[in-house]
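# Close look at the chain arrangement
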Amino acid sequence: MVWPIAEVARMSGVTARTLRHYDGIGLLPPAGTGSNGHRCYGEGELLRLQQILVLRALGLGLPEIGRILASQVDEVEALRGHHRRLLAERDRIDALAGTVSRTIAELEESRKDGGPMTAINRPENLFEGVRPAQIQESLRDFPELAGDIDRHTSAMSGAQIEAGHRERTAQMIRLAELLAAGVPADAGQAQAEIEAQHRALTGLRAVSAEEYRAIGRSCVENEQWRAAYEAIAPGLAAYQRDAIEAYVTTRLT
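Residue positions are given per chain, counted from 1 along the sequence in the order it is written. The predicted nature of this model means local features are confined to residues of pLDDT at least 70 and side-chain atom pairs, given and counted, to a pLDDT of 80 or more, with totals for whole chains, interfaces and linings taken over all residues. Just so you know, side-chain values use all the structure's heavy atoms and leave hydrogens and water out.

## Quick notes on the overall build of the chain
Defined as follows: Comment: elements are numbered from the N terminus, with helices defined as DSSP H or I runs of at least four residues and strands as E runs of at least two. Buried, partly exposed and exposed residues are distinguished by accessible area as a fraction of the type maximum, computed with a 1.4 Å probe on protein chains only: under 20%, between the cut-offs, and over 50%, respectively. Every residue pair with non-hydrogen atoms within 4.5 Å of one another is taken to be in contact. With residues, only the protein chains shown are counted as cover, and all accessible areas are computed by Shrake-Rupley using a 1.4 Å probe.
When helices and strands are tallied, the chain shows 12 helices and three strands. The burial tally for the chain puts 43% of its 253 residues in the buried class. Long-range contacts, defined here as pairs at least 24 residues apart, represent 65% of the contacts in the chain between residues at least 6 apart. Carbon and sulfur atoms make up 54% of the accessible area of the chain, which amounts to about 13,000 Å² in all.

As structure tokens, this is what we get:
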């Protein structure tokens, strides 16, 4: 049995554009091409795609995934290895959940005492649990941007991807500190953080004012984004949205 590319995209949550990219770099060739010229995939390809997505969820770059898949001899043994990695990832996420829980407790305690909210957690791995595959899923409303990010990260090592992730986390924490200090979203310090985020985006592709405004709204409307922001500090998702709105109004229009 074979499935057309559109059906595989629907089942897996991977865009057709990304599947074509995987084919183009030799990571996931299709089983064949239909009479309409569209790629189609069999069970073997679906299993391979599952492995790709598992390894992506574990933070590996596409070149490294390609090397792992190329060296596989036994499919079942390979899946056992992936399973061990997933169990380790589960343990790490459990630890991360404990870190976030402590942060919430510290913030609540500081509020109760009427003191400044200075207890925002600063460990570098505060949001290590948000992996590239989850980021791609959170970008489902921006498929072109998701594709550009995927192509950009495909040439990066796991260490480079992790470093980029840590910087994004640090940006979120800096915004949370501004929010806690009562700095308005349209003030210079907050706008400087948003400008840095905008530069990072435009380094991948041109982003229109309206698209950037829509990305800002997604910080509140997209469940995954909102949960990530709110776990750091209540109200942070709306603060990021408002800061982007102010940036678009004053700098991009």
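So, next bit.
## Regarding the packing of helix H3 (residues 43-57) against helix H4 (residues 62-71)
Counted only if it meets this: The axes used here are C-alpha line fits, helices contributing only the stretch in contact, and every angle between their N-to-C directions lies in the interval 0 to 180 degrees. Here the word oblique covers every angle except those under 35 degrees (roughly parallel), over 145 (roughly antiparallel) and from 65 to 115 (roughly perpendicular). Here is the rule for handedness: rotate from the far helix to the near one, and if that takes an anticlockwise turn smaller than a right angle the crossing is left-handed, while a clockwise turn gives right-handed. For this classification, Asp, Glu, Lys and Arg are treated as charged, while Ala, Val, Leu, Ile, Met, Phe, Trp, Tyr, Cys and Pro are nonpolar and the rest, including Gly, are polar.
It is the contact of H3 with H4, at a shortest axis distance of 10 Å, that shows an interaxial angle of 130°. In terms of axis orientation, H3 runs oblique to H4. Relative to H4, H3 is oriented so that their crossing is right-handed. Between H3 and H4, the contacting residues are Arg48, Gln51, Ile52, Leu55 and Arg56 on the first element and Leu62, Ile65, Ile68 and Leu69 on the second. Here the contact of H3 with H4 is built from residues that sort into six nonpolar, one polar and two charged.

## Section: the packing of aromatic side chains
Cut-off, in case you're wondering: Side-chain rings of Phe, Tyr and Trp, where Trp is taken by its six-membered ring, are said to pair if the distance between their centres is within 6.5 Å; with planes under 30 degrees apart they count as stacked, over 60 as edge-to-face, and otherwise as tilted.
Counted by the stated rule, this structure contains one aromatic pair. Ring centres of Tyr212 and Tyr247 lie 6.1 Å apart, and the angle between their planes is 80°; this geometry places the pair in the edge-to-face category. With Tyr212 in helix H10 (residues 209-221) and Tyr247 in helix H12 (residues 236-252), this pair connects stretches of sequence that are 35 residues apart.

## Observations concerning the environment of Met172
Locating Met172 in the fold gives a position in helix H8 (residues 158-180). The spacing of Met172 and Leu236 is 64 residues in sequence and 8.3 Å in space, taken between C-alpha atoms. Setting aside residues no more than four positions away along its own chain, Met172 makes contact with Ala228, Tyr229, Ile232 and Leu236.

## Side note on H10
The following threshold applies: One less than the number of residues in a helix, times 1.5 Å, gives the span that helix is expected to have.
Here H10 spans 18 Å end to end across 13 residues, near enough to the 18 Å set by a 1.5 Å rise per residue. The complete set of buried residues in H10 reads Ala209, Glu211, Tyr212, Arg213, Ala214, Ile215, Gly216, Ser218 and Cys219.

## Comments concerning the nonpolar core
This is how the line gets drawn: For this analysis, a nonpolar core means a set of buried residues of the types Ala, Val, Leu, Ile, Met, Phe, Trp, Tyr and Cys, connected via side-chain atoms within 4.5 Å.
If you look at the biggest cluster of nonpolar residues, it comprises 27 residues, and the most contacted ones within it are Leu175, Ile194, Tyr212, Ile232, Leu236 and Tyr239. Counting residues per element, this core draws most heavily on H12, at seven residues.

## So, the sheet that holds strand E1 (residues 3-4)
Basically, it comes down to this: In this scheme, strands are said to pair when DSSP sees at least two bridges between them.
The strand order E1-E3-E2 describes an open sheet built from three strands, whose pairing is antiparallel. Of all the strands in the sheet, just E1 and strand E2 (32-33) have a single pairing partner and so form its edges.

## Describing the confidence of the model for the chain
Inclusion rule: Each residue carries a pLDDT score, the predictor's confidence in it, ranging from 0 to 100.
A residue-level look at the chain finds 74% of positions with pLDDT of 70 or above and a mean pLDDT of 78. At the low end of the mean pLDDT range in the chain sits helix H6 (residues 132-138), at 49; at the high end sits H12, at 94. Confidence over residues 117-134 falls short of pLDDT 50; this stretch has 58 contacts with residues more than four positions distant or in other chains.

## Focus on the packing of helix H1 (residues 5-12) against H3
Relative to each other, H1 and H3 sit at 40°, their axes nearing to 12 Å. Classed by the angle they form, the pair H1 and H3 counts as oblique. As for how H1 packs across H3, the hand of that crossing is right-handed. In this structure, H1 contributes Val8, Met11 and Ser12 to the contact, and H3 contributes Leu46, Leu49 and Leu53. Split by residue class, the contact of H1 with H3 holds five nonpolar, one polar and no charged.

## A word on the environment of Met1
Looking at the element boundaries, Met1 is found in the segment before E1. Accessibility expressed as a relative area gives 74% for Met1, which makes it exposed. Residues Met1 and Tyr41 lie 40 residues apart in sequence; the distance between their C-alpha atoms is 8.5 Å. Ignoring sequence-local partners within four residues, the contact set of Met1 consists of Tyr41, Gly42 and Glu43.

## Considerations on the pattern of salt bridges
Put simply, the rule reads: Criterion for a salt bridge: a side-chain nitrogen of Lys or Arg within 4 Å of a carboxyl oxygen of Asp or Glu.
Throughout the structure, instances matching the rule amount to seven salt bridges. Where Arg39 meets Asp23, a salt bridge forms, and the shortest distance between an N and an O atom there is 2.7 Å. With Arg39 in strand E3 (residues 39-41) and Asp23 in helix H2 (residues 16-24), this pair connects stretches of sequence that are 16 residues apart. Residue class for Arg39 comes out partly exposed when judged on its relative accessible area of 25%. Here Arg213 and Glu210 are joined by a salt bridge, their closest N and O atoms 2.4 Å apart. Of the two residues, Arg213 and Glu210 are both situated in helix H10; the distance of three residues between them amounts to about one turn of the helix. One connected set of salt bridges, linked through shared partners, spans Glu210, Arg213 and Glu245.

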